Number of protein chains: 2
Amino acid sequence: MNLSPDEARSRFAAARVARLATVDEAGHPHLVPVVFAVHGNEIVMAIDHKPKARREVRRLANIRANPAVSMIVDHYDEDWTTLWWVRADGTAEVTETPVDPLVTKYPQYQRIRPAGPTILVQVTRWTGWAGT
Amino acid sequence: MNLSPDEARSRFAAARVARLATVDEAGHPHLVPVVFAVHGNEIVMAIDHKPKARREVRRLANIRANPAVSMIVDHYDEDWTTLWWVRADGTAEVTETPVDPLVTKYPQYQRIRPAGPTILVQVTRWTGWAGT
C-alpha cells in the first residue's frame, strides 16, 4: 500500500541511514549512504570531517551542477510482506547550515563535530510503500 | 579504506537488498530498493509480478532513455568504525533475461516466479569503502 506523505516523512526521519542519489553533468547517477536529520521538509547532511578521496565529494560537484536529488530509506526482511520503503525527492544546495540537528541525532558527532560544508535538501515530495 | 573491486563485488553479491538509481530525461534521479542476483559483472533484477502503479515502472522508462545506473549496498551500525558500502556502476537494459539466478537466490520467488521484463546491468566499476 502507498504511504501518506506524513507517514513517509515520519518513517524517513526515524531512520539512522539513508542513501543519497545525485546526478553528474553527463547524466550518470551517483549513490552514497548518508546520515541525516529531518526538520519539517528539510534534510541536512554533513560532509565528514576526515579527508576524503576525490570521488567522495562528487556529491557536492553534482549538486552544484544539478540540484535534483533523491533519498531512500528501506526495510528489508525475508518475509516480503513486511517490506517497506520511503523516499524523499527534492532540491539540494551546498551550504553552511548549522549541524546541530545532526549532533543531536547522532551521539557519534558529539565527539567530533562535523566541519566543512553541509548539504541541505528541500523536499518537494515524500512517498512510500509498505507491504500488508 | 577502499575495497578492491573483487571484494566490493563479493560483498555486493552476498547482500539481500540493494538500491537502484536511474535518471529520467530531465536529469532527476529515481531510487528504488531491489532484490537482485550477481553473475560475474552482470546484475539481474526482475519487475515484480504484481500490478504496479505508474510510478513503479519509472525505472524502466528511465533506463530506456538513459542506461546509466548505479546500485549500492551498505552496512550501518552505531559503531561507525564498522560501516561499509559497496557500489556497482554500469549500463542497464530492459530485457527478457532468464530469472533463474533470482529464483535460486530468493526462495520467495519460487512460490511466484517473476514475470515480465528484467533489468540487466553490465557493471563497469565495482567500488567500496569500509571503516577500519
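These numbers were taken from a predicted model, which means no experiment stands behind them.

Reading the values: the criteria
- Residues numbered from 1 in each chain as written.
- Chains lettered and ligands numbered in written order.
- Predicted model: local features only at pLDDT ≥ 70, side-chain atom pairs only at ≥ 80, totals over all residues.
- Heavy atoms only, no water.
- Salt bridge = Lys/Arg side-chain N within 4 Å of Asp/Glu carboxyl O.
- Helix = DSSP H or I, 4+ residues; strand = E, 2+ residues; numbered from the N terminus.
- Buried < 20%, exposed > 50% of the residue type's maximum accessible area, 1.4 Å probe, protein only.
- Least-squares fit on C-alpha atoms with pLDDT ≥ 70 in both.
- Contact = heavy atoms within 4.5 Å.
- Pairing = 2+ DSSP bridges.
- Axes fitted to C-alpha atoms, helices over the stretch in contact; angles between N-to-C directions.
- pLDDT = per-residue confidence, 0-100.
- Buried area = accessible area lost by both parts, 1.4 Å probe.
- Polar contact = N/O pair within 3.5 Å; in protein donor to acceptor, adjacent residues only side chain to side chain.

J.: Teacher, can you tell me more about the pattern of salt bridges here?
T.: When the charged atoms of two side chains lie near each other, side chains of opposite charge can form a pair. Evaluation of the coordinates by the stated rule reveals 16 salt bridges over all chains. Residue A:Arg19 pairs with A:Asp74 through a salt bridge whose shortest N-O separation is 3.5 Å. Placement of the pair is A:Arg19 in strand 1 (residues 18-23) and A:Asp74 in strand 5 (residues 68-75), with a sequence separation of 55 residues. According to the relative accessible area criterion, A:Arg19 is buried, its value standing at 4%. Residue B:Arg16 is joined to A:Glu78 by a salt bridge in which the shortest nitrogen-to-oxygen separation is 2.7 Å. Here A:Glu78 lies in the loop between strand 5 and strand 6 (84-95) and B:Arg16 lies in the loop between helix 1 (5-14) and strand 1 (18-23), a pairing that spans two chains. What emerges from the salt-bridge pattern is a single network uniting A:Arg19, A:Asp74, B:Arg19 and B:Asp74.

J.: I keep staring at the relation of the copies chain B and chain A and nothing clicks. Help me out?
T.: There are two copies of the chain, and a rotation about an axis plus a shift along that axis relates them. With an RMSD of 0.0 Å, the operation that places chain B on chain A is a rotation of 180° combined with a shift of 0.0 Å along the axis. Such a combination of turn and shift is consistent with a two-fold rotation axis. The share of interface residues of chain B whose copies in chain A are also at the interface is 100%, consistent with both copies meeting through the same surface.

J.: Just checking my understanding: could you explain the sheet that holds strand 7 (residues 118-130) of chain A for this structure?
T.: Strand pairing in a sheet is mediated by backbone hydrogen bonds. Such pairs are either parallel or antiparallel. Residue and element names in this part refer to chain A. In space, the seven strands of this open sheet follow the order 2-1-5-6-7-4-3, with antiparallel pairing throughout. Only two strands of the sheet have a single partner each, and these edge strands are strand 2 (29-34) and strand 3 (37-39). Here the strands of the sheet are splayed against their neighbours by 30° on average, with no regard to which way each runs. Both strand 1 and strand 2 contribute to a ladder of six bridges, which runs antiparallel. The partner of threonine 22 across the bridge, within strand 2, is histidine 30. Strands strand 1, strand 3, strand 4 (42-46), strand 5, strand 6 and strand 7 of the sheet are contacted by helix 1 (residues 5-14), whose axis makes an angle of about 120° with strand 7.

J.: In this structure, what is going on with the pairing of strand 5 of chain A? I would like to understand it.
T.: Residues in a regular strand project their side chains so that they alternate between the two faces of the sheet. Residues and elements named next belong to chain A. The buried fraction of strand 5 amounts to seven of the eight residues, a majority that puts the element mostly inside the structure. Where strand 1 meets strand 5, three bridges bridge the pair, whose relative direction is antiparallel. Counterpart to leucine 20 in the pairing with strand 5 is methionine 71.

J.: Can you help me understand the sheet that holds strand 5 (residues 68-75) of chain B in this one?
T.: All names here are of chain B. Sheet architecture is open: seven strands sit in the order 2-1-5-6-7-4-3, paired in antiparallel fashion. Since the sheet does not close on itself, it has two edges, and those belong to strand 2 (29-34) and strand 3 (37-39), each with one partner. Within this sheet the neighbouring strands show an average axis-to-axis angle of 30°, counted without direction. Inspection of the sheet shows strand 3 paired to strand 4 (residues 42-46) by three bridges, in the antiparallel sense.

J.: What am I meant to see in the confidence of the model for chain A here?
T.: The predicted coordinates of low-pLDDT regions are not to be read in fine detail. Summary statistics for chain A give a mean pLDDT of 93 and a share of 94% for residues scoring 70 or more. Per the prediction output, this complex has pTM 0.94; the corresponding ipTM is 0.94.

J.: Where do I start with the interface of chain B and chain A in this structure?
T.: Bring the parts together and some accessible area is lost; that lost area is often taken as the interface size. Tallying the contact residues gives 37 residues for chain B and 37 residues for chain A. Of the roughly 3200 Å² buried where chain B meets chain A, counting both sides, 62% is carbon and sulfur surface. Our count for the chain B to chain A interface comes out at four salt bridges. Viewed at the interface, chain A and chain B are joined by twelve residue pairs in polar contact (both at pLDDT 80 or more). Counting only elements with at least two residues in the side of chain B that touches chain A, the list comes to strand 1, strand 2, strand 5, strand 6 (84-95), helix 4 (108-111) and strand 7 (118-130) of chain B. If one sorts the elements of the side of chain B that touches chain A by residue count, strand 5 of chain B sits on top with six residues.

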